[in-house]
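Below are the chains, spelled out letter by letter.
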Amino acid sequence: MTRLSTAKRQKILDLYHPVNGESLSLSEIARHVHCDRSTVRRVLQRVSSSGKLNYDIRPKGRPRILSKQDLRELQLAIDRGSVLDATDAQREITPHASAQTVRRRLAEIGLPGRVRRRKPLLKKSNLAQRRVWTRDVKDWGVKEWQLVVFSDESQFDLFPTSGRQWCRRRKGEAHYPRNIIPRVPAGGGKVTVWGCITSRGVGRLHRIIGTMDAKMYRDILEESLLGTLHDHRLSPKTIIFQHDNDPKHKSRLVQEWLEKQNILVLPWPSSSPDFNIIENVWAHIKMRLERYRPRPRNVEALWRVVQKLWYEVDISFIQALYHSLPGRVKTVKGRKGGNGDS
């Protein structure tokens, strides 16, 4: 901004708010005072906010330790993936600043810290399959997706051992029961389930006991998939069934059963959980399970809680997931088959 005397600032105000006559435009004022139009605008803004003519336009405080060039180098290193996080960036690129300063400045330019998401490793063959698949379904709208019944298996541990959990505590309260995560050998037990969702809500949840083979999977479909369709008044001939490429799912026994029931199966690209919206339902239930009180103390109690949380999933949550599918397909198509949002 051009340095103006107090007299010139007063002249700008007088021309903008004349005692007699009409106010001049910013461009006309700039010509009278011999400065830029943008300078006139800033003078008016500063005087309006501060109420003073003799404000100091010099920057306050000492210069920032990270220059614009430093920020450009940090941003470039992050975009290239040559640094892991702010601490690594500080050590490799800006050792003259603290890691906290680097974190703060990166957040200011739109690069706050985030937890890295775990995604399947996509090989060239996976990327090719996903490109073909997104091309085949790119014209599907929500109506088409609402015909699909999504299914999957999931596991729930009695005492989850992965992931950080934060708490607020005072000094000396680290070992209070509310501030610890119980740790037992092998997680203390687990419950494995099969489930499916429809656009009308969740389906039947089936507990898997032992190791699932093709025969067990066919029996699950016989009982719980057909049971789900009956519960929601859906005909096997009017739905499209989704399951992944697990060998049990692709076995001759299962394929023959699906054909016998006249159930159309949606071709599925390998390594694509980001398209399967039931993954979001599993994540939702696991998040609620972590907060559930009282915490289940044995596997049977865990199974009862998982069932309770499953059947409490709101229909609006399910419908929002179905509405997200056209956007997911569009995102992955734009990334040439790369990982999408889920």
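For the structure, check the block above.
Quick notes on the rules
Residues numbered from 1 in each chain as written. Predicted model: local features only at pLDDT ≥ 70, side-chain atom pairs only at ≥ 80, totals over all residues. Heavy atoms only, no water. Helix = DSSP H or I, 4+ residues; strand = E, 2+ residues; numbered from the N terminus. Buried < 20%, exposed > 50% of the residue type's maximum accessible area, 1.4 Å probe, protein only. Contact = heavy atoms within 4.5 Å. Areas by Shrake-Rupley, 256 points an atom, 1.4 Å probe, with all protein chains shown as cover. Salt bridge = Lys/Arg side-chain N within 4 Å of Asp/Glu carboxyl O. Phe/Tyr/Trp six-rings, centres within 6.5 Å; stacked < 30°, edge-to-face > 60°. Lys NZ or Arg CZ within 6 Å of the ring centre and 35° of its normal. Pairing = 2+ DSSP bridges. Polar contact = N/O pair within 3.5 Å; in protein donor to acceptor, adjacent residues only side chain to side chain. Axes fitted to C-alpha atoms, helices over the stretch in contact; angles between N-to-C directions. Parallel < 35°, antiparallel > 145°, perpendicular 65-115°, else oblique. Left-handed = near helix turned anticlockwise from the far one by under 90°. Nonpolar A, V, L, I, M, F, W, Y, C, P; charged D, E, K, R; others polar. Core = buried A, V, L, I, M, F, W, Y, C linked by side-chain atoms within 4.5 Å.

*Asks:* Account for the overall build of the protein, with residues named and values stated.
*Replies:* Regarding its fold elements, the protein presents 13 helices and six strands. Residue burial in the protein is summarised as follows: out of 342 residues, 36% are buried. Residue pairs at least 24 apart in sequence account for 72% of intrachain contacts in the protein once pairs closer than 6 positions are excluded. Of the roughly 21700 Å² of accessible surface on the protein, a fraction of 50% belongs to carbon and sulfur atoms.

*Asks:* With reference to specific residues and values, describe the pattern of salt bridges.
*Replies:* Taken as a whole, this structure holds twelve salt bridges when the rule is applied. A salt bridge links Arg105 to Glu108; the nearest nitrogen and oxygen atoms lie 3.1 Å apart. Separated by three residues within a single helix, Arg105 and Glu108 lie in helix α6 (residues 99-108), roughly one turn from each other.

*Asks:* Summarise the packing of aromatic side chains; cite the residues concerned and give the values.
*Replies:* Under the defined criterion, the tally for this structure stands at ten aromatic pairs. The interplanar angle of 20° and the centroid separation of 6.4 Å between the aromatic rings of Trp145 and Phe150 together place this pair among those described as stacked. Since its relative accessible area comes to 0%, Phe150 is described here as buried. With a centroid separation of 6.0 Å and an interplanar angle of 70°, the aromatic rings of Phe156 and Trp282 are classed as edge-to-face. Here Phe156 is found in strand β1 (residues 148-157), whereas its partner Trp282 is found in helix α11 (residues 278-291), with 126 residues between them in sequence. For Trp282, a relative accessible area of 3% puts it in the buried group. Site record: aromatic cluster; members linked through ring pairs are Trp133, Trp140, Trp145, Phe150, Trp268, Phe275 and Tyr322. The ring of Phe156 carries the charged tip of Lys286 above its face, separated from the ring centre by 5.4 Å.

*Asks:* Give a description of the pairing of β1 that names residues and reports values.
*Replies:* The side chains of a regular strand alternate between the sheet's two faces. Taken across its ten residues, β1 has seven buried, putting it largely inside the fold. Examined bridge by bridge, β1 and strand β5 (residues 240-242) share three bridges and lie parallel to one another. Across the sheet, residue Val149 finds its bridge partner in β5, namely Phe241. Summarising the sheet, β1 and strand β2 (residues 190-198) pair through eight bridges and their orientation is antiparallel. Bridged to Ser151 within β2 is Cys196.

*Asks:* Which residues make up the side chain of Ser272, and what are the values?
*Replies:* Considering the arrangement of structural elements, one finds Ser272 in the loop between β6 (264-265) and α11. At 3.2 Å, the side chain of Ser272 and the backbone oxygen of Pro269 are in polar contact.

*Asks:* A description of the packing of helix α9 (residues 214-231) against helix α10 (residues 252-260) should follow, citing residues and the corresponding values.
*Replies:* Interhelical geometry of α9 versus α10 gives an angle of 25° and a closest axis separation of 8 Å. Considering their axes alone, α9 and α10 lie roughly parallel with respect to each other. Remark: the crossing between α9 and α10 carries right-handed chirality. Here α9 contributes Ala214, Lys215, Tyr217, Arg218, Leu221, Glu222, Leu225 and Leu226 to the contact with α10, which in turn contributes Leu253, Val254, Trp257 and Leu258. The residue makeup of the contact of α9 with α10, split by class, is nine nonpolar, no polar and three charged.

*Asks:* Pulling in residues and values, what's your account of the environment of Ile318?
*Replies:* With respect to the secondary-structure elements, Ile318 resides in helix α13 (residues 315-334). Residue classification places Ile318 among the buried positions, given a relative accessible area of 0%. Residues Ile318 and Thr198, 120 residues apart in the sequence, show an inter-C-alpha distance of 8.0 Å. Excluding its chain neighbours within four sequence positions, the residues that come into contact with Ile318 are Ile197, Thr198, Val202, Val281 and Val313.

*Asks:* Could you give me a rundown of the nonpolar core, with the residues and numbers involved?
*Replies:* Core analysis: the biggest nonpolar cluster contains 36 residues, and Trp133, Trp145, Phe150, Ile197, Val281, Trp310 and Tyr322 have the highest contact counts within it. Broken down by secondary-structure element, the contributors of at least two residues to this core are α7 (124-137), β1, β2, α11, α12 (299-311) and α13. Contact partners of Ile197, with chain neighbours within four places excluded, come to Val148, Val149, Phe150, Val202, Gly203, Ile277, Ile278, Val281, Trp310, Ile318 and Tyr322. Counting 17 residues, the second-largest nonpolar core is a separate cluster that includes Trp194, Cys196, Ile208 and Val254.

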